[in-house]
Amino acid sequence: MRCRKCNRHAVLNMRQHKLALCEEHFPEWFISYTERTIRRYRMFDRDDRILVAVSGGKDSLSLWDVLLRLGYTADGLYIDLGIDGGFGYSRLSYEKVQAFVAAHPGVQLHVVNVAGLYGETIPEVASRKLRGRDKPCAVCGLIKRHEMNRVAQQEGYTVLATGHNLDDEVAVLLSNVLHWQTGYLLRQAPVLVERDGMARKVKPFCRSYEREVAAYALVQGIDYIYEECPYAVGNLTNFYKDLLARLEMESPGTKLQFYQGFLKAREEGFFCADAQGPVEMHPCPRCGQPTTVPGLCAFCRLWERDRMQMNADWNADI
Ligand code: Q46
Ligand code: ZN
Ligand code: ZN
């Protein structure tokens, strides 16, 4: 396979774009494709201060790299979840983030240590609250969202960027459609506008295939953690990703069409009207972040040790 631009050996053949590129032209294309996604969905501009949530994985570190190369003001946020999984997952992830920072003088990294701040790691708080009934992902997601918002607000960032790629978005979309989660479909977007004290959230890689992001990290020499979080193994999202990979194999471009078709339907108003009207939000009396039910938000209830087990739907507070 030859590069469309220079006829040299291509490092990646993107059948969905009918485009093969070499190691010089692929990263150029990938960076400009990301810029087009940022502009297309009006994610942010040069005046914004962007906080990139970095996990040490290929997606978030590649995103940070691309935003810096495009000249945006982008700093990082690493949340130490205290997950070991028998191989030091959080420690290894942090080492990758630190290596990235060392290779990019001038960038700022904010670090939140969950156990240091709140007294328990993610597995600890999850086992106290869930009593082993479930994986810690719901608790983890709740804490990460809360901390991203808190740091963005306290440090004056206007935008919170995450490295979710097309494969992530399409797997969530399939799950939301299969279960007709209309509330989640309403909120699944490349940009969630700021409101009620929550930072604007953006996903600049939402139209980029996971293998494109992986190829970008490889070509640019970005060192990232290959291992997934131990709690991600065998989850339903990965099952949907496998199904979608089979569809993509048979019919290249399926994932992109599915996702872009959904976004087009959104733009045409398909998922924009909430039958029950807009959800009323109330500020949490302790942390000030918005919550759907008056009283302490789900995050603050997590740390209420003497009260009854939380039974609220955490996702209601996204
Ligand atoms: S980090 Fe946290 Fe994920 Fe690990 S515990 Fe689950 S939610 S799988 S993105
Ligand atoms: Zn080339
Ligand atoms: Zn709160």
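Along every chain, residues carry numbers that run from 1 in the direction the sequence is written. Throughout, the order in which chains and ligands are written sets their labels, letters from A for the former and numbers from 1 for the latter. In keeping with the model being predicted, local features are shown solely for residues with a pLDDT of at least 70 and side-chain atom pairs are shown and tallied solely at 80 or more, while totals for entire chains, interfaces and linings include all residues. The side-chain values count all of the structure's non-hydrogen atoms but skip hydrogen atoms and water molecules.

### Thoughts on the coordination of the zinc ion (ligand 2)
Okay, step 1: Here the term donor refers to an N, O or S atom within 2.8 Å of the metal (or 3.2 Å for Na, K and Ca), and because water is left out of the atoms, sites may appear incomplete. The coordination sphere of the zinc ion (ligand 2), as far as protein atoms go, consists of Cys-3 (SG), Cys-6 (SG), Cys-22 (SG) and His-25 (ND1), spread over 2.1 to 2.3 Å.
Okay, step 2: Angle rules define the geometry names used: all angles between 85 and 135 degrees makes four donors tetrahedral, while opposite donors over 155 degrees apart and all other angles between 65 and 115 make four donors square planar and six octahedral, leaving every other case irregular. Geometry at the zinc ion (ligand 2) is tetrahedral, judged from the 4 donor atoms that bind it and their angles of 99 to 113° at the metal.
Okay, step 3: In the primary structure, the donors to the zinc ion (ligand 2) are separated according to the pattern C-x2-C-x15-C-x2-H. Of this pair, Cys-6 sits in the segment before strand S1 (12–14) while Cys-22 sits in the loop between strand S2 (19–21) and helix H1 (25–40); the two residues are 16 residues apart in sequence, bridging distant segments of the chain.
Okay, step 4: Buried residues are those whose accessible area, probed at 1.4 Å on protein chains only, stays under 20% of the maximum for their type, while exposed residues exceed 50% and partly exposed ones sit between those limits. Judged by its relative accessible area of 29%, Cys-6 falls in the partly exposed class. Numbering of helices and strands runs from the N terminus; a helix is a DSSP stretch of H or I covering at least four residues, while a strand is a stretch of E covering at least two.

### Observations concerning the packing of aromatic side chains
Okay, step 1: Under the pairing criterion, centres of Phe, Tyr and Trp rings, with the six-membered ring standing for Trp, must be within 6.5 Å; the plane angle then separates stacked pairs below 30 degrees from edge-to-face pairs above 60, leaving the rest tilted. As enumerated under the stated definition, the model contains 15 aromatic pairs in all.
Okay, step 2: Pairing Tyr-118 with Phe-299 gives two aromatic rings, centres 5.2 Å apart and planes at 80°, and the pair type is edge-to-face. Taken together, the residues Tyr-118 in helix H4 (residues 114–118) and Phe-299 in helix H12 (residues 298–302) connect sequence positions 181 residues apart.
Okay, step 3: For Tyr-118, a relative accessible area of 24% puts it in the partly exposed group.
Okay, step 4: Accessibility expressed as a relative area gives 4% for Phe-299, which makes it buried.
Okay, step 5: Between the aromatic rings of Tyr-259 and Phe-262, the centroid separation amounts to 6.5 Å while the plane-to-plane angle is 40°, which identifies the pairing as tilted. Of this pair, Tyr-259 and Phe-262 both sit in helix H11 (residues 254–267), separated by 3 residues, roughly a single helical turn. In this structure, Tyr-259 and Phe-262 share a single accessibility class: buried.
Okay, step 6: An aromatic cluster of at least three residues, connected via ring pairs, comprises Phe-26, Trp-29, Phe-30, Tyr-33, Phe-205 and Tyr-216.
Okay, step 7: Here, a charge over a ring means that NZ of Lys or CZ of Arg falls within 6 Å of the ring centre while also lying within 35 degrees of the ring normal. Residue placement shows Arg-46 over the ring face of Tyr-72; its charged tip is 4.1 Å from the ring centre.
Okay, step 8: The ring of Tyr-33 carries Arg-207 above its face, with NZ or CZ at 4.9 Å from the centroid.

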